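What follows is the residue order along each chain.
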Amino acid sequence: MFNFLNDKSIFLLFIIFLLTLSYHKDVTEILEVNKCPLCFGVKFCTQFEVGKIKIWNSNVLLKIILLIKYIFSLSFVVFCKWNDTDVVIKQFDYYSSDIEEISISKTNTRDELEVSIIQDMKSFLNIPFNSSFSPNIRLCPTTENLEVLLESIYSFRKDNVNLLQNIRYMIHTNPEPFIQQVLKAENGWPVPKHYGSCGRVTVSENCGEMLTNCVKDDWDSRKHLALQLLDSALNFTFNHPHFAFYFTDITPDNIAVTTSGEVKFIDLDNVIIVERSTTADLPAWTVPHSSEDIECDNCFAFSSDAICSHHYSDHNVYAVCREILNQKSHLIDGGLLHSTPPEFLEKHPDFIDSLEQCVSPRTSDRFHHAKKLMKILS
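We now turn to the structure provided with this report. Computed from a prediction, not measured in an experiment: that's the story for all the values here.

1. A closer look at the overall build of the protein
Part 1 of the reasoning: Check the secondary structure of the protein and you find 15 helices and 11 strands.
Part 2 of the reasoning: Here the protein holds 378 residues, and the buried ones make up 50% of them.
Part 3 of the reasoning: In the protein, once contacts between residues fewer than 6 apart in sequence are set aside, the share between residues at least 24 apart is 70%.

Written out as structure tokens, the structure is:
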């Protein structure tokens, strides 16, 4: 099992193990809470302090892994137990002294700091994806409804400056925990539950295995997953009362399937958020946006400016159909709906055509074909 290890590697691991056993720092210090308490937040720190987070029922093992990552300054993902709940711990390697400096900057009043943070977030969220500095999140066509978006977060108050700084850090570095708190799993959104944060670490629900591992499942299981994916694509587009959410990295590796067969979108750090109503003067606003199907190898093209210029887009539906379901998928050999049983095709002779038109529509629009597919698959 360990044939790949040489004598030097074994010695290094042994030294790290000995250092860990005698290391005076506790878990919260390894997580750099004191270095950046206003990064993702400190609400979950007590759970680490009392040893409720464990790997294979061993808090020592968790400490070893964290210490190794800490020594070599690595970001990491660790699958753990929190009490009896399966969770994922993520520490991100994004760190900017500029962010920290602004977060702890001195202002004359608390109100001025609040205004400064809100303004900074609006400026950052207004940066186009095709700029020289490309962020992972965009709010458009304006940012005037940012506070409406923030109100989705539990315990949000404008005067809660610490929470504002936590949110600001997420937006600047990795917006995934931010999106998890806006689109809450407990409200039915197909995303992991967000349990809390500690410094630069976030803790969320472990949703199960990747969709990639379900490609060889039986037809009925894959059909049920495809139905959920299409339903999720429509929900992200239409079901929030104030915004549409377009995820720009929808791949099989970024989607998980729970033990009960539920689909969850687990990588939420690349997103375009479009206001449902806007004061911006956009000539094509009332016209639905249709994604252009560009033939290319191992690529997926989209325009954030085009998506932001329309009151809704078929981007999510297009991504699901093209990247996951379709037989010509670049990411799944034959697509998730491969090896369609002959009896199913006999019963639904328009299935293949509907699937193809969900990628490259010839008649009607993608929403029509997506809904038609859902009816066939249900």
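2. Thoughts on the packing of aromatic side chains
Part 1 of the reasoning: Scanning the entire structure with this criterion turns up 12 aromatic pairs.
Part 2 of the reasoning: Centre to centre, the rings of W219 and F344 are 5.1 Å apart; their planes meet at 65 degrees, and the pair counts as edge-to-face. Taken as a pair, W219 in helix α10 (residues 219–238) and F344 in helix α13 (residues 342–347) lie far apart in primary sequence, 125 residues in all.
Part 3 of the reasoning: On the accessibility criterion, F344 (10% relative accessible area) is buried.
Part 4 of the reasoning: Taken together, the aromatic side chains of W189, F236, F247 and F265 make up a single cluster linked through ring pairs.

3. Examining the environment of F40
Part 1 of the reasoning: Tracing the chain through its elements places F40 in the loop between α2 (27–30) and α3 (45–49).
Part 2 of the reasoning: The spatial distance from the C-alpha of F40 to the C-alpha of C198 is 6.5 Å, given a sequence separation of 158 residues.

4. Observations regarding the state of the cysteines
Part 1 of the reasoning: Within this structure, the stated rule accounts for three disulfides.
Part 2 of the reasoning: The disulfide partner of C45 is C198, and the S-S distance across this bridge is 2.2 Å. Residues C45 and C198 share a disulfide whose torsion about the S-S bond is about 105 degrees; that sign makes it right-handed. Placement of the pair is C45 in helix α3 and C198 in strand β5 (residues 194–198), with a sequence separation of 153 residues. Pair check on accessibility: C45 and C198 agree, each one buried.
Part 3 of the reasoning: The side chain of C321 participates in a disulfide bridge whose partner is C358; the two sulfur atoms lie 1.9 Å from each other. The sign of the 65 degrees torsion about the S-S bond sets the C321-C358 disulfide as right-handed. In this pair, C321 sits in helix α12 (residues 315–325) while C358 sits in helix α14 (residues 351–359), placing the two residues 37 residues apart along the sequence.

5. So, the packing of α10 against helix α15 (residues 366–377)
Part 1 of the reasoning: Look at α10 against α15: their axes get within 9 Å of each other, and the N-to-C directions meet at 145 degrees. Classified by chirality, the crossing of α15 by α10 is left-handed. Here K223, A226, L227, L230, D231, L234, T237 and F238 of α10 come into contact with α15, specifically with F367, A370, K371, L373, M374 and L377.
Part 2 of the reasoning: Residue composition of the contact of α10 with α15, by class: 10 nonpolar, one polar and three charged.

6. Examining the pattern of salt bridges
Part 1 of the reasoning: Across all of its chains, the model carries eight salt bridges by this definition.
Part 2 of the reasoning: The shortest N-O distance in the salt bridge between D314 and R366 comes to 2.8 Å. One end of the pair, D314, is in the loop between α11 (304–308) and α12; the other, R366, is in helix α15, and 52 residues separate them in sequence. Like R366, D314 is buried.
Part 3 of the reasoning: Note that R362 is salt-bridged to D353, the shortest N-O span being 2.4 Å.

7. Side note on the nonpolar core
Part 1 of the reasoning: F178, L229 and L325 are the most contacted members of the largest nonpolar core, which totals 74 residues.
Part 2 of the reasoning: Per-element accounting of this core gives the leading share, nine residues, to α10.
Part 3 of the reasoning: Residues contacting L229, with those up to four places away along its chain left out, are L211, I255, V263, F265, V320, I324, L325 and L336.
Part 4 of the reasoning: C45, C80, C198 and V203 belong to the second largest nonpolar core, which has 13 residues in total.

8. Regarding the sheet that holds strand β4 (residues 137–140)
Part 1 of the reasoning: If you walk across this open sheet you meet the three strands as β4-β11-β8, and the pairing is mixed. The open sheet has two free edges, formed respectively by β4 and β8 (243–247), since each of these has just one partner strand. In this sheet, neighbouring strand axes are inclined to one another by 15 degrees on average, regardless of whether the strands run parallel or antiparallel.
Part 2 of the reasoning: Examined bridge by bridge, β8 and strand β11 (residues 271–275) share five bridges and lie antiparallel to one another. From the neighbouring strand, F247 faces β11, where its bridge partner is V271.

9. What about the packing of helix α6 (residues 110–125) against helix α8 (residues 161–173)?
Two numbers describe a pair of packed helices, the interaxial angle and the distance between the axes.
Part 1 of the reasoning: Packing of α6 against α8 brings their axes to within 10 Å, and their N-to-C directions diverge by 20 degrees. With respect to each other, α6 and α8 are oriented roughly parallel. The hand of the α6/α8 crossing is left-handed. In contact with R110, L113, E114, I117, I118, D120, M121, F124 and L125 of α6, α8 contributes V161, L164, Q165, I167, R168, I171 and H172.
Part 2 of the reasoning: Among the residues making up the contact of α6 with α8, the classes are represented as 10 nonpolar, two polar and four charged.

Conventions used here
- Residues numbered from 1 in each chain as written.
- Predicted model: local features only at pLDDT ≥ 70, side-chain atom pairs only at ≥ 80, totals over all residues.
- Heavy atoms only, no water.
- Helix = DSSP H or I, 4+ residues; strand = E, 2+ residues; numbered from the N terminus.
- Buried < 20%, exposed > 50% of the residue type's maximum accessible area, 1.4 Å probe, protein only.
- Contact = heavy atoms within 4.5 Å.
- Phe/Tyr/Trp six-rings, centres within 6.5 Å; stacked < 30°, edge-to-face > 60°.
- Disulfide = S-S within 2.5 Å.
- Axes fitted to C-alpha atoms, helices over the stretch in contact; angles between N-to-C directions.
- Left-handed = near helix turned anticlockwise from the far one by under 90°.
- Nonpolar A, V, L, I, M, F, W, Y, C, P; charged D, E, K, R; others polar.
- Salt bridge = Lys/Arg side-chain N within 4 Å of Asp/Glu carboxyl O.
- Core = buried A, V, L, I, M, F, W, Y, C linked by side-chain atoms within 4.5 Å.
- Pairing = 2+ DSSP bridges.
- Parallel < 35°, antiparallel > 145°, perpendicular 65-115°, else oblique.

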